[in-house]
Amino acid sequence: MPKPLLILCLVLLGLPLTSTASPVITPLIDQAIQQHLNTLLRARAQRENWQGMRITHTSTPLGNANSLARCQQALTVSGGAADSYRQRLTLTCPDQPGWRLEVASEIQLWLPVLVATRVIDRGQVITAADVKHQEVDISKALRGFYHQHNQVAGMGAKRRIRANQMLSPALIALPLAVKRGDKVKIIANRDGISASMSGQAVENGSEGDVIRVKNLSSNKTIEAKVLGAGEVASIF
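Read on for an overview of the structure. Not measured: the values here are computed from a predicted model. Here the residue numbers are simple positions, counted from 1 along each chain's written sequence. Under the rules for a predicted model, residues below a pLDDT of 70 receive no local features and side-chain atom pairs below 80 are neither given nor counted, while totals for whole chains, interfaces and linings still include all residues. Calculated side-chain values reflect all of the structure's heavy atoms, with hydrogen atoms and water omitted.

In terms of regular secondary structure, the chain is built from two helices and 14 strands. Across the 236 residues of the chain, 33% fall into the buried class. By definition, residues are in contact when any of their heavy atoms lie within 4.5 Å. In the chain, 51% of the contacts between residues at least 6 apart in sequence involve partners at least 24 apart. As presented, the chain carries roughly 14400 Å² of accessible surface, and 52% of it is formed by carbon and sulfur atoms. Secondary structure is summarised from DSSP: a helix means a run of H or I of at least four residues, a strand means a run of E of at least two, and numbering begins at the N terminus for each. Relative accessible area decides the class of each residue, using a 1.4 Å probe on protein chains only: under 20% of the type maximum gives buried, over 50% gives exposed, and in between gives partly exposed. Working definition of accessibility: Shrake-Rupley area with a 1.4 Å probe, residue cover restricted to the visible protein chains.

Should a side-chain nitrogen of Lys or Arg be within 4 Å of a carboxyl oxygen of Asp or Glu, the pair is scored as a salt bridge. The tally for this structure, following the rule as stated, stands at eight salt bridges. Across the pair D130 and R118 runs a salt bridge whose closest N-O atoms are separated by 2.6 Å. Placement of D130 in the loop between β4 (100–116) and β5 (131–137) and of R118 in the loop between β4 and β5 is noted, with a sequence separation of twelve residues between them. Counted as one network, the salt bridges with shared partners bring together R88, R100 and E102.

Pairing between two strands is assigned when DSSP locates at least 2 bridges connecting them. Spatially, the five strands close up into a barrel ordered β9-β10-β12-β13-β14, and their pairing is mixed. Each neighbouring strand pair of the sheet contributes to a mean axis angle of 55 degrees, computed without reference to strand direction. Sheet topology places strand β9 (residues 183–190) next to strand β14 (residues 231–234); three bridges connect them, and they run parallel. Residue pairing in the sheet places I186 in a bridge with V232 of β14. Each axis is a line fitted through C-alpha atoms, and for a helix only the stretch in contact is used; angles between axes span 0 to 180 degrees, taken between their N-to-C directions.

With that settled, the discussion passes to the environment of W99. With respect to the helices, strands and loops of the structure, W99 is situated in the loop between β3 (86–92) and β4. Exposure remark for W99: the relative accessible area of 8% places this residue in the buried category. Each C-alpha atom, one on W99 and one on C71, is 8.5 Å from the other, the two residues being 28 residues apart in sequence. Those residues in contact with W99 that lie beyond four places of it in its chain are L68, A69, L75, L91, T92 and C93. Polar contacts, as counted here, are pairs of nitrogen or oxygen atoms within 3.5 Å of one another; within protein the pair requires one atom able to donate a hydrogen and one able to accept it, and residues that are adjacent in sequence qualify only if both atoms are side-chain atoms. Polar contacts involving the side chain of W99 include one to the main-chain carbonyl oxygen of A69, which spans 2.7 Å.

Remark: nonpolar core denotes a set of buried residues (Ala, Val, Leu, Ile, Met, Phe, Trp, Tyr, Cys) joined through side-chain atoms within 4.5 Å. By size, the foremost hydrophobic cluster in this structure holds 27 residues, and its most contacted members are I29, I33, L75, L91 and I138. At the level of elements, α2 (27–48), β3 and β4 are the ones that each hand at least two residues to this core. Sort the elements by how many residues they give to this core and α2 lands first, with seven residues. For L75, the residues in contact, after removing those within four places along its chain, are L28, I29, A32, L91, T92, C93 and W99. Membership of the second largest hydrophobic core comes to 13 residues, among which are V131, M155, A157 and I161.

Moving on to the environment of Y146. Counting through the fold element by element, Y146 comes out in the loop between β5 and β6 (156–157). Sequence separation between Y146 and L114 is 32 residues, and the spatial gap between their C-alpha atoms is 5.7 Å. Among all residues touching Y146, those that are not within four sequence positions of it are V113, L114, Q151, V152, L167, S168, P169 and I172.

All right, on to the state of the cysteines then. Our working definition of a disulfide is a cysteine sulfur pair at a distance within 2.5 Å. Applying the stated rule across the entire model yields one disulfide. One disulfide in the model links C71 with C93; its S-S distance is 2.0 Å. Across the disulfide from C71 to C93, rotation about the S-S bond amounts to roughly 90 degrees, and the bridge is consequently right-handed. Of the two residues, C71 sits in the loop between β1 (54–61) and β2 (76–78) while C93 sits in the loop between β3 and β4, which places them 22 residues apart along the sequence.

Attention now moves to a positive patch on the surface. A grouping of R122, R143, K158 and R159 is seen on the molecular surface, where their side chains present a positively charged patch. Within the secondary structure, K158 sits in the loop between β6 and β7 (172–173). Classification of K158 as partly exposed rests on a relative accessible area of 40%. Patches in this entry comprise residues that are over 30% relatively accessible and not in a salt bridge; like charges within 9 Å are linked, as are nonpolar side chains (Val, Leu, Ile, Met, Phe, Trp, Tyr) within 5 Å. In this tally Asp and Glu are treated as negative and Lys and Arg as positive; neither His nor the chain ends contributes. In this description, the location of a charge corresponds to atom NZ of lysine, CZ of arginine, CG of aspartate or CD of glutamate.

So yeah, pure geometry; function would need other evidence.
Here it is, written out as structure tokens:
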């Protein structure tokens, strides 16, 4: 389209003839935000025992940072919360009264998390050799993640896990100690008296689960807590 005709179209549509540059974060402001976010999230990392955490951010000033006078001292940053990946921060300058800038920041929180080294089939017990660390942005890990080997060792795959797939609570659980139809030993303790009898599991269960078990002596179905492989304790 010829330039004069393009200008005429813009005028008729009420559009600006020149583009307006987006607000820019200066290196001084970026550095102040980075330091603030590092401090803000350090306590969370210690609480969660995260090792190797790395923080990046994408920040947008909610005003014209270029119109502010140059600050001769380190900027002061306030606001934000350690449990949120979206922050609204306020920057002020100690030597410039009235110097104030609001900033919207989105945090990328990078952490080495556990992913599968190979295909893990459903029901398979996970070992240390089945997983490795890979750095990911956990702000996008909406289904959760695991950071340490002891969090997953001995757990069982609830469904097939692909090689290099990130492990999450939806994918793993304690392995089944008792399967439906298994013969089990029912242990009953009451008033200091202990007895055992044969039973059959009506439901699947991991250690610690309460499941229904059929007492083969009385043919009654009771609730029992899974103690381990093939062993349950009756609940009175």
